[in-house]
Structures are given as C-alpha cells and as structure tokens.
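Now for the letters of each chain:
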Amino acid sequence: MGPRNPQQEREVLQWVEAVMGEPLPKGDFGEILKDGVLLCKLMNKIQPGSVKKFKEKGPAFLLMENVQSFLAAAKKYGVPDEEVFQTPDLFEGRNLPQVALCLFSLGRATQKHAEFTGPQIGPKMATKNERNFTDEQTRKGRDGVIGLQSGTNSGASQAGHGGMGNTRHM
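We now turn to the structure provided with this report. Values in this document were obtained by computation on a predicted structure and should not be read as measured data.

Digging into the nonpolar core
Ranked by internal contacts, the top residues of the largest apolar core, which has 37 residues, are Phe 29, Leu 33, Leu 42, Phe 70, Phe 85, Leu 103 and Leu 106. Counting only elements with at least two residues in this core, the list comes to helix H1 (6–20), helix H2 (29–33), helix H3 (37–46), helix H4 (60–77) and helix H6 (96–109). Beyond its immediate stretch of four places on either side in the chain, Leu 103 contacts Val 12, Trp 15, Phe 29, Leu 33, Leu 39, Leu 42 and Phe 70.

In structure tokens form, the structure reads like this:
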C-alpha cells in the first residue's frame, strides 16, 4: 500500500464530477466515496442499468453492499482484477490509493466502450502495434548469439568451502 497522492485523488474526483455532471459534496476523498452511493451512480452514468439497486442511506453493512455492487459492475465493465480494491479499503479507509487506482482504471476502461462519450481520464489506451519481420530477420533473431549471453565460469571453484555440512568460518 503506497502513500496517498492528493493530486491523483483530486483528478479522480474532478473526473467523477465531470461524468456525473453535478458538483460533488466537499470533503475528503475517502469520505465522499465511502458509502458507495456516488460510485453506484457513477457506474450507472457510464453504463446505464449496471447497478440495479443501491441504498442511499442505512446501516453500514447495507452501504458496504453498495461498494460491492459497484466493484462487481466495474469488473464486468472491464476493470482488471488486480486494479480493483476490496470493500474495507474504501469503507474503513485502509487503502485509498487502491481506490484511486481502480477509478483510474475504470476511466481507462471507458475508452474501450464506444457507447461512452463522456470525459476521459488518464492516458489514451494503446492501439495494436503490429510488426512484420521477414523470414531472414526472424532467423537472425532466433539463431544469433548475443555476446556475453552465455557467461563464463572461469575462476569459479569450490576450493576452500570444505565438505557438506561444515559451517562457514569467518
């Protein structure tokens, strides 16, 4: 878990605000997103109907379900598993940098969906970078030996190490 990056958190909140089209409540990154309501609304803005039901208010365990619903929808939308946070990361403020990473990843995933025409966040996704090699180039690369690729063991010996099981004397 890395340190929090206020600039990244601000950038994520600005993107969420732009997608939502309405101002966000003032406060700390974790506090604004904690109950999962905003996350569910965001997911529904990006992909309508992706979070069917969510609770606006209620006890903590019901609000935690909002976060879980968001995470399930985000994974389904294309956020990789390794970039998704765990519910306590947000709800208990354990790993807020992971939450920011997940939202950045969600923003990147929107680039793969042509139906989403809202604001972008993060770098543009790479497109196909195809390389065409001739048979000769492929053969040279496969069969060639790069200098120092296969090392040497000259001068290496086990002299002075004693037998098996002996301790090393310093």
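What to know about the packing of aromatic side chains
Going through the model one piece at a time under the given rule, you end up with 1 aromatic pair. Ring centres 6.4 Å apart and planes at 25° place the aromatic pair Phe 70 and Phe 85 in the stacked group. Here Phe 70, found in helix H4, pairs with Phe 85, found in the loop between H4 and helix H5 (87–91); they are 15 residues apart in sequence, far enough to count as distant. The same class applies to Phe 70 as to Phe 85, namely buried. Sitting over the face of the ring of Phe 91, Lys 34 holds its NZ or CZ atom 5.4 Å from the ring centroid.

Let's talk about the side chain of Asp 89
Here Asp 89 lies in helix H5. There is no salt bridge for the buried Asp 89, and the closest opposite charge comes from Arg 94, which lies 6.0 Å off by N-O distance. For Asp 89, the residues in contact, after removing those within four places along its chain, are Arg 94, Asn 95, Leu 96, Gln 98 and Val 99.

Quick look at the pattern of salt bridges
The final tally for this structure, using the stated rule, is 7 salt bridges. A salt bridge links Lys 140 to Glu 136; the shortest N-O distance between them is 3.9 Å. Taken together, the residues span about one helical turn, with Lys 140 and Glu 136 both in helix H7 (residues 135–143) at a distance of 4 residues.

A few points about the packing of H1 against H6
Closest axis-to-axis distance for the H1/H6 pair is 10 Å, and the angle between their directions is 45°. When the interaxial angle is binned, H1 and H6 end up oblique. In the crossing of H1 with H6, the sense of the turn from one axis to the other is left-handed. Taken together, the residues of H6 that come into contact with H1 (itself represented by Gln 8, Glu 9, Glu 11, Val 12 and Trp 15) are Leu 96, Ala 100, Leu 103, Phe 104, Leu 106 and Gly 107. Taken together, the residues that form the contact of H1 with H6 break down as 7 nonpolar, 2 polar and 2 charged.

Calculation rules
- Residues numbered from 1 in each chain as written.
- Predicted model: local features only at pLDDT ≥ 70, side-chain atom pairs only at ≥ 80, totals over all residues.
- Heavy atoms only, no water.
- Core = buried A, V, L, I, M, F, W, Y, C linked by side-chain atoms within 4.5 Å.
- Buried < 20%, exposed > 50% of the residue type's maximum accessible area, 1.4 Å probe, protein only.
- Helix = DSSP H or I, 4+ residues; strand = E, 2+ residues; numbered from the N terminus.
- Contact = heavy atoms within 4.5 Å.
- Phe/Tyr/Trp six-rings, centres within 6.5 Å; stacked < 30°, edge-to-face > 60°.
- Lys NZ or Arg CZ within 6 Å of the ring centre and 35° of its normal.
- Lys, Arg positive; Asp, Glu negative; His and termini not counted.
- Salt bridge = Lys/Arg side-chain N within 4 Å of Asp/Glu carboxyl O.
- Axes fitted to C-alpha atoms, helices over the stretch in contact; angles between N-to-C directions.
- Parallel < 35°, antiparallel > 145°, perpendicular 65-115°, else oblique.
- Left-handed = near helix turned anticlockwise from the far one by under 90°.
- Nonpolar A, V, L, I, M, F, W, Y, C, P; charged D, E, K, R; others polar.

In short, geometric facts, not functional conclusions.
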